[in-house]
Amino acid sequence: VKWHYISALYDGDGSLKPEERKLNYTTVSESLARGLVNILLSLGIESTISKRETAGTVAKFGEKECIRRYDTYAINVFGKENFEKFSENLKCIK
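These notes cover the structure that comes with them. Nothing here was measured: the structure is a model prediction, and the numbers come from that model. Residue indices begin from 1 for each chain and proceed along its sequence in written order. The predicted nature of this model means local features are confined to residues of pLDDT at least 70 and side-chain atom pairs, given and counted, to a pLDDT of 80 or more, with totals for whole chains, interfaces and linings taken over all residues. The side-chain figures draw on all heavy atoms in the structure; neither hydrogens nor water molecules are used.

Remarks on the environment of Val 37
Secondary structure is summarised from DSSP: a helix means a run of H or I of at least four residues, a strand means a run of E of at least two, and numbering begins at the N terminus for each. As for its position among the elements, Val 37 is in helix α2 (residues 30-42). A relative accessible area of 17% places Val 37 in the buried class. For the pair Val 37 and Asn 76, spaced 39 residues apart in the sequence, the C-alpha separation amounts to 9.0 Å. Only heavy atoms matter for contacts: two residues are in contact if any of them lie within 4.5 Å across the pair. Not counting residues up to four positions away in its chain, the partners in contact with Val 37 are Ser 47, Ile 49 and Ile 75. Relative accessibility under 20% of the residue-type maximum defines a buried residue, over 50% an exposed one, and the middle range a partly exposed one, all with a 1.4 Å probe and only protein chains included.

Have a look at this one:
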């Protein structure tokens, strides 16, 4: 069940850099970020959280501009061992 949850999260808001063996997930929810880090740790995968202070900055969508209301939290999984554990359990990563 944990891997299905993680897979759905990464399918929606995750990114992958296979050449660097790095995975990233971004959310505006600090509690979701902390929960994901705890789930990953329970599966033997180390990760870090970095806060990006994006509240009040401008985001452009085509010709429209929007003021961001929230900071974002990036969960990073990196390193050969962590990347391999992750990729062994998710079918979307080759």
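Notes on the sheet that holds strand β1 (residues 14-17)
Pairing is antiparallel in the open sheet, where 4 strands are placed in the order β1-β2-β6-β3. The sheet is open, and its two edges are formed by β1 and β3 (48-52), each paired on a single side. Neighbour-to-neighbour, the strand axes of the sheet open up by a mean angle of 20°, direction not taken into account. Pairs of strands are assigned from DSSP output, requiring at least two bridges between the strands. Note that β3 and strand β6 (residues 72-78) share 5 bridges and pair antiparallel. Only the stretch in contact is used when fitting a helix axis, every axis being a line fitted to C-alpha atoms; angles between N-to-C directions are given from 0 to 180 degrees.

Overview of the side chain of Ser 47
Its place among the elements puts Ser 47 in the loop between α2 and β3. Given a relative accessible area of 18%, Ser 47 falls into the buried group. Sequence-distant contacts of Ser 47, defined by excluding residues within four places in its chain, comprise Val 37, Leu 40, Ile 75, Asn 76 and Val 77.

Considering the pattern of salt bridges
The salt bridge criterion pairs a side-chain nitrogen of Lys or Arg with a carboxyl oxygen of Asp or Glu, the two atoms within 4 Å. A full pass over the atoms with the stated rule returns 4 salt bridges. With a closest N to O distance of 3.5 Å, Asp 71 and Lys 51 form a salt bridge. With Asp 71 in the loop between β5 (64-67) and β6 and Lys 51 in strand β3, this residue pair connects regions lying 20 residues apart in the sequence. The closest approach of N and O atoms between Lys 85 and Glu 81, which form a salt bridge, is 3.6 Å. Of this pair, Lys 85 and Glu 81 both sit in helix α3 (residues 80-89), separated by 4 residues, roughly a single helical turn. You can call Lys 85 partly exposed: its relative accessible area is 26%. Classification of Glu 81 as exposed rests on a relative accessible area of 55%.

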